[in-house]
Amino acid sequence: FINFLSFKIIEFIFVDIIYLILKTYNSIFNFSSQKKTILTLGTFNGVHLGHQSILDKLKKATHQGFYESIVLTFFPHPRMVLNQDTSIKLLNTIDEKAELLDKFGIDNLIIHPFDAAFSNLSAEEFVKEILIDRLNIHKIIIGHDHRFGKNRTADIGDLILFGKKYGFEVEQINAHEIDEIAISSTKIRKALMEGNIKLANQFLGYSYFISGKVIDGKKIGRTLGFPTANIQINESYKLLPKNGVYIVSSEINDILYFGMMNIGNNPTLGENEQSIEVHYFDMSENIYNEKLKISILEHIRDERKFNSLPDLQAQLEKDKLFSLNYIQNLK
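Residues numbered from 1 in each chain as written. Predicted model: local features only at pLDDT ≥ 70, side-chain atom pairs only at ≥ 80, totals over all residues. Heavy atoms only, no water.

A. Structural context of the pairing of strand β3 (residues 68-75). Counting buried positions along β3 gives 7 out of 8 residues, so the element sits mostly inside the fold. In this structure, strand β2 (residues 37-41) lies alongside β3, joined through 5 bridges in parallel fashion. Looking across to β3, one finds that threonine 37 is bridged to glutamate 68. Handedness of the crossover is the feature at issue here: the chain leaves β2, passes through helix α2 (residues 49-61), returns alongside β3, and the resulting connection is right-handed. Across 6 bridges, the pairing between β3 and strand β4 (residues 108-113) is parallel. (Buried < 20%, exposed > 50% of the residue type's maximum accessible area, 1.4 Å probe, protein only. Helix = DSSP H or I, 4+ residues; strand = E, 2+ residues; numbered from the N terminus. Pairing = 2+ DSSP bridges. Right-handed = clockwise from strand over helix to strand, strands pointing away.)

This is the structure:
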């Protein structure tokens with residue numbers, strides 16, 4: 001597994017150099033192509049190793065550009081609309097998902113608004129009006145357990161029959177792969193909520209990351225010798241790891257910086273609101289109002305309340321030493 005993971009991480013970095021061609025559409029109705037297309041659809045939450053195996057199938061099925069590849073996904077998450085469930089936390093924001101998919105050589109990403117009208121399309125309306133008339137599909141790659149159409153009444157068997165009627169192929173993703181994807185997603189969420197970054201990153205095939213804007217803070221960190229960038233994440237549905245201190249990295253102006261991040265409520269300062277603060281080592285750049293991507297490498301410790309600011313400062317020095325040793329070993 002470790003050898004496979006190492007290969008996937010190397011491949012992930014390599015394809016980042018090659019593929020920067022993803023075209024993104026915010027509606028099915030904005031897409032058009034003269035070529036026939038190969039399509040897969042789903043939430044692709046996390047774009048983890050299980051999803052990446054499907055993306056590999058999709059990419060290979062295009063026969064080096066004879067067809068165009070499409071990933072079709074929806075936002076808001078269908079459960080947010082159909083079940084009015086606003087508590088859902090996702091591994092990626094929409095922008096983060098697009099960034100990840102861009103690295104796998106996919107031609108097109110369609111993020112279609114999921115609403116009541118769309119959910120009321122019958123199975124055949126979805127096939128004829130969307131897949132055929134709008135997306136011009138040659139083949140769909142789909143899970144064996146996929147259900148679609150109003151009230152999710154149609155299944156893979158119906159899709160195969162529609163394929164024969166309308167002239168497109170259906171490639172089933174086997175049950176084992178689907179189970180692995182579901183298990184991986186569950187394990188990633190659980191690991192992040194437990195602060196087990198190493199396990200989460202193993203299932204993802206890359207370092208879990210958050211994206212946010214640097215905003216003004218109370219500047220208490222700099223009085224302790226640890227100035228921090230306060231990160232604002234606008235997407236409330238983004239899943240954060242459990243409160244605690246983490247080793248992180250960010251590429252800023254083409255330079256890779258390492259640092260420590262605290263997610264929590266700053267109990268030593270008597271605060272209640274959750275905040276995200278990053279202290280970068282050996283960085284003097286002004287990054288206010290910059291949008292940063294923060295890759296999370298390892299969990300150092302849980303957040304806790306200290307008796308005084310000097311006690312907190314002493315612990316931060318220990319955290320820094322631990323982090324620098326970790327980074328040295330990483331290099």
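Next comes the rest of the description.
B. Expanded view of the packing of aromatic side chains. As enumerated under the stated definition, the model contains 9 aromatic pairs in all. Aromatic side chains tyrosine 25 and phenylalanine 31 sit 5.3 Å apart centroid to centroid with 90° between the ring planes, which places their arrangement in the edge-to-face category. Here tyrosine 25 matches phenylalanine 31 in class, with each residue buried. Relative to tyrosine 237, the ring of phenylalanine 75 lies with its centre 5.1 Å away and its plane at 50°, an arrangement referred to as tilted. (Phe/Tyr/Trp six-rings, centres within 6.5 Å; stacked < 30°, edge-to-face > 60°.)

C. Here's a closer look at the side chain of asparagine 45. By the element assignment, asparagine 45 lies in the loop between β2 and α2. You can call asparagine 45 buried: its relative accessible area is 7%. Within polar-contact distance, the side chain of asparagine 45 engages the backbone nitrogen of leucine 91 at 2.7 Å. Look past the residues within four positions of asparagine 45 in its chain and what remains in contact with it is His51, Leu90, Leu91, Asn92, Ser185 and Arg189. (Polar contact = N/O pair within 3.5 Å; in protein donor to acceptor, adjacent residues only side chain to side chain. Contact = heavy atoms within 4.5 Å.)

D. Main features of the sheet that holds β3. On the basis of which strands lie adjacent, the open sheet formed by 6 strands has the order β1-β4-β3-β2-β5-β6 and parallel pairing. Two strands close off the open sheet at either side, each with one partner strand: β1 (23-25) and β6 (169-173). Neighbour-to-neighbour, the strand axes of the sheet open up by a mean angle of 20°, direction not taken into account. Summarising the sheet, β2 and strand β5 (residues 137-143) pair through 4 bridges and their orientation is parallel. From the neighbouring strand, threonine 37 faces β5, where its bridge partner is isoleucine 137. On top of the sheet, α2 reaches β2, β3, β5 and β6; it is set at about 170° to β2, its chief contact. (Axes fitted to C-alpha atoms, helices over the stretch in contact; angles between N-to-C directions.)

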